[in-house]
Amino acid sequence: MFASLFAVLAPVFMVAGIGYAWARKGLDYPTEFIARVVMTIGTPSLVLSTLSRTELQPNAFASMAMACLLCTLGMALAGWLVCRVTGRHWRVLLPAFMFPNTGNMGLPISLYAFGEHGLALAVAFFLTLSIVQFTLGMAISGTAASFKALLRNPIVISLAGAMPIIFLDFELPRWLANTVNLLGGMTIPLMLLTLGVSLASIRLRQVGSGLLLGGVRIGLGAAVGWAVGVALGLDSLARAVLVVQSAMPVAVFNYLMAVRANREPEQVANLVMCSTVLSFAWLPVVLAWWM
């Protein structure tokens, strides 16, 4: 069991660790450029290549999308209750509870733990959450959300491209399939490197409260994911992917939105860093339960 868990988690933590060490040494890393490449080229290619290689049934995709929405709603309620108890502003804490790091961490862990089919299910979760995050999430954080910008978002465009593959059993031409496979292959390594670089730029303050709230976020995420999976009657693989995705730490994107809205970014940075550190110990427990 330990060897299996190590094989799943080691690539994720090691590649992110390389990015962290790279940034701490002061070496140049064009974060904005690489993030743009990953967002506009890599992620849409990964979506199309994954869904074209894996026979993901329409009902499985729809079930995972519904599960994602219910998990997001459940975590929004949990975040609101935590805000009432702690007296923190809901615009600061709510996005951190609602939007976990399902891209940079969730996709690679789902791939290594559950294979190509698990990755396809994780992609369905990621796509659904991304749409909610770029609409409702931006509104909650205080950042203006534009419907036109949403329609131009590459992840949303890739979702539109994936629909014929899923629901009409459409096959990509071989030249296009090879192209998106090649481009999609760069996405997960770059995601992990960028995650490490981003974490290196965050300075911790109020570590105690960050660890407490970060622990509550990832613990409740796993519990809500499990409850939603049971309520929807998902099979064991889909339920495992749902729990793992829902139990991810706070996404770095929440910090970027807090900076943009000038809404206590230091507190959000605390949650990102502390929940990520805690996930190093928590994820092996979650994976050991399902593997």
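Before reading further, recall that the structure is shown in the block above.
Here the residue numbers are simple positions, counted from 1 along each chain's written sequence. For this predicted model, a pLDDT threshold of at least 70 governs which residues receive local features, and a threshold of 80 or more governs which side-chain atom pairs are given and counted, while totals over whole chains, interfaces and linings are taken from all residues. To obtain the side-chain values, all non-hydrogen atoms of the structure were used and water was disregarded.

Visitor: What am I meant to see in the nonpolar core here?
Guide: For soluble globular proteins, nonpolar side chains are generally found buried alongside one another. What makes a nonpolar core is a set of buried Ala, Val, Leu, Ile, Met, Phe, Trp, Tyr and Cys residues whose side-chain atoms join them at distances within 4.5 Å. Summary of the burial criterion: residues with accessible area below 20% of their type's maximum are buried, those above 50% are exposed, and those between are partly exposed, where the area comes from a 1.4 Å probe applied to protein chains only. Formed by 89 residues in total, the largest nonpolar core has its most connected members in L51, M64, L107, I109, L242 and L287. Only DSSP runs of H or I covering at least 4 residues are called helices, and only runs of E covering at least 2 are called strands; the numbering of each starts at the N terminus. No other element matches the 19 residues that helix α5 (residues 102–141) contributes to this core. Working rule for contacts: check all heavy atoms of both residues, and any pair within 4.5 Å makes them a contact. Apart from the residues lying within four places of it in its own chain, the contact partners of L51 are L56, A120, V123, A162, I165 and I166.

Visitor: Quick question: what am I supposed to make of a nonpolar patch on the surface here?
Guide: Two joining distances apply to patches: 9 Å for like charges and 5 Å for nonpolar side chains (Val, Leu, Ile, Met, Phe, Trp, Tyr), and every residue must have over 30% relative accessible area and no salt bridge. To measure how exposed things are, a 1.4 Å probe is used in the Shrake-Rupley method; for residues, cover is taken only from the protein chains shown. Just to be clear on terms, a salt bridge is a Lys or Arg side-chain nitrogen sitting within 4 Å of an Asp or Glu carboxyl oxygen. There is a patch of nonpolar side chains on the surface, built from M66, L69, L70, L73 and L232 and spanning about 430 Å² of accessible area. Ranked by residues supplied to the nonpolar patch, first place goes to helix α3 (residues 58–86) with 4 residues. Mapped onto the elements, M66 comes out in helix α3. For M66, a relative accessible area of 41% puts it in the partly exposed group.

Visitor: Would you mind showing me how to read the environment of R91 here?
Guide: Looking at the element boundaries, R91 is found in helix α4 (residues 90–98). Between the C-alpha atoms of R91 and A60, which are 31 residues apart in sequence, the distance is 33 Å.

Visitor: What exactly am I supposed to notice about the side chain of T276 here?
Guide: Among the secondary structure elements, T276 is positioned in helix α13 (residues 265–290). Of the residues examined, T276 reaches a relative accessible area of 2% and is grouped as buried. Those residues in contact with T276 that sit more than four places away from it in its chain are M105, L199, P249 and V250.

Visitor: Got a minute to help me understand the packing of aromatic side chains in this structure?
Guide: Each pair of aromatic rings is reported with the distance of its centres and the angle of its planes. Working definition: rings of Phe, Tyr and Trp (its six-membered ring) pair if their centres are within 6.5 Å, and the pair is stacked with planes under 30 degrees apart, edge-to-face with planes over 60 apart, and tilted otherwise. Inspection of every chain in the model, using the stated rule, returns 2 aromatic pairs. Here the aromatic rings of F61 and F167 are separated by 6.2 Å at their centres, their planes lie at 80 degrees, and the arrangement is edge-to-face. Taken together, the residues F61 in helix α3 and F167 in helix α7 (residues 154–167) connect sequence positions 106 residues apart.

Visitor: How do you make sense of α3 when you look at a structure like this?
Guide: What sets the pattern is the α-helix's 3.6 residues per turn: residues three or four places apart point alike. For α3, with 29 residues, the first-to-last C-alpha span of 42 Å sits near the 42 Å given by 1.5 Å per residue. Positive phi shows up at G87, right after α3, with a value of about 75 degrees. By this rule, a helix spans an expected 1.5 Å times one less than how many residues it contains.

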